[in-house]
Amino acid sequence: MHDETLAREVEQRVEEMGYEMVVLEQAGSRARPILRLYVDRPDSKPGEPAVSIDDCTSISRALEPWLDQREGLSDRYVLEVSSPGVERPLVRTRDWERFAGVEVAVKGRGELAGRAKRLEGTLLGLRGEEEGGQRVALRLGDGEEVEIPLAEIDRGNLVYRWERGGKGR
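Not measured: the values here are computed from a predicted model.

S.K.: Tell me about the overall build of the protein chain, and name the residues and values.
M.R.: On a plain count of helices and strands, the protein chain comes out with three helices and eight strands. The secondary structure elements of the protein chain, listed N-terminal to C-terminal, are α-β-β-α-β-α-β-β-β-β-β. Overall size of the protein chain, expressed as C-alpha extent along the three principal axes, is 55 × 40 × 25 Å. The buried share among the 169 residues of the protein chain stands at 37%. Within the protein chain, counting contacts between residues at least 6 apart in sequence, those at least 24 apart form 50% of the total. Summed over its atoms, the accessible surface of the protein chain is roughly 9900 Å², and 45% of this surface lies on carbon and sulfur atoms. Between the centroid of the 27 positive side chains of the protein chain and the centroid of its 34 negative side chains there is a distance of 4 Å.

The following block contains the structure:
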């Protein structure tokens, strides 16, 4: 199950509430769809709590009456609203720009930058043209800078390092 229109409409409603939709996962069956909505604050900083349980509850309560009335969505749907967590996925172009300077992990179908299927490094941002030619620039642990075509990256996420005393970076 995947409904692009539903995702766009949910995103719009979430933004109207002052939050950012990270991703909407649609699972389950037509008879019992499961909507997993991950939300963030547009100004959140890596490693800091972004959305609270109260935020998630408010978003859920605001969306449910609209979802209850939505044509084509079973009344047996399940809505789960949560934070994307400290290892937040990088989904949209704006994510790759917003989190420049932060440690990230990227994973591809094949070898990335002639090294491995998974790389970690400091995100330097996006380079290149808007459509198709964009590349993610990373500074790897050894100091080398590489550029990986965005189209070759299957998944990207922030990396959270646990440090003594429970504080990450």
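What follows continues from the structure just given.
S.K.: I'd like a description of the side chain of Glu 20, backed by residues and values.
M.R.: Relative to the helices and strands, Glu 20 resides in strand β1 (residues 20-28). For Glu 20, a relative accessible area of 6% puts it in the buried group. At a separation of 3.0 Å, a polar atom in the side chain of Glu 20 contacts the side chain of Arg 94. Not counting residues within four places of it along the chain, the set of residues in contact with Glu 20 comprises Val 14, Tyr 38, Val 39, Asp 40, Arg 41, Pro 42, Arg 88, Arg 94, Asp 95 and Arg 98.

S.K.: If you had to explain the sheet that holds strand β2 (residues 33-40) to someone new, which residues and values would you point to?
M.R.: Pairing in this open sheet of three strands is mixed, and the strands run β1-β2-β3 from one edge to the other. Of all strands in the sheet, those bounded by a partner on one side alone are β1 and β3 (78-82). Pairs of neighbouring strands in the sheet enclose a mean axial angle of 15°, with direction left out of account. As paired elements, β2 and β3 share five bridges and run parallel to each other.

S.K.: Residue-level account of the pairing of β1, with values.
M.R.: Looking at chain direction, β1 and β2 are connected through eight bridges and run antiparallel. Its bridge partner lying in β2, Leu 24 is registered against Leu 37. In textbook terms, the turn of a hairpin is the stretch between consecutive antiparallel strands, and for β1 and β2 this stretch comprises four residues.

S.K.: Can you lay out the environment of Asp 43 for me, pointing to particular residues and giving the numbers?
M.R.: Turning to its location among the elements, Asp 43 is positioned in the loop between β2 and α2 (53-69). In sequence terms Asp 43 and Lys 107 are 64 residues apart; their C-alpha atoms lie 25 Å from each other.

S.K.: Which residues make up the nonpolar core, and what values go with them?
M.R.: Membership of the largest hydrophobic core comes to 20 residues, with the highest contact counts inside it found for Val 10, Val 14, Leu 24, Leu 37, Ile 59, Leu 63 and Leu 67. Elements represented by at least two residues in this core include exactly α1 (4-16), β1, β2, α2 and β3. Of all the elements, α2 adds the most residues to this core, at five residues. What Leu 24 contacts, discounting residues up to four positions off in sequence, is Leu 6, Ala 7, Val 10, Leu 35, Arg 36 and Leu 37. Core analysis: the next-biggest nonpolar cluster, separate from the first, contains 17 residues, Leu 90, Phe 99, Leu 123 and Leu 158 among them.

Criteria and thresholds
Residues numbered from 1 in each chain as written. Predicted model: local features only at pLDDT ≥ 70, side-chain atom pairs only at ≥ 80, totals over all residues. Heavy atoms only, no water. Helix = DSSP H or I, 4+ residues; strand = E, 2+ residues; numbered from the N terminus. Buried < 20%, exposed > 50% of the residue type's maximum accessible area, 1.4 Å probe, protein only. Contact = heavy atoms within 4.5 Å. Areas by Shrake-Rupley, 256 points an atom, 1.4 Å probe, with all protein chains shown as cover. Lys, Arg positive; Asp, Glu negative; His and termini not counted. Charge placed at Lys NZ, Arg CZ, Asp CG, Glu CD. Polar contact = N/O pair within 3.5 Å; in protein donor to acceptor, adjacent residues only side chain to side chain. Pairing = 2+ DSSP bridges. Axes fitted to C-alpha atoms, helices over the stretch in contact; angles between N-to-C directions. Core = buried A, V, L, I, M, F, W, Y, C linked by side-chain atoms within 4.5 Å.

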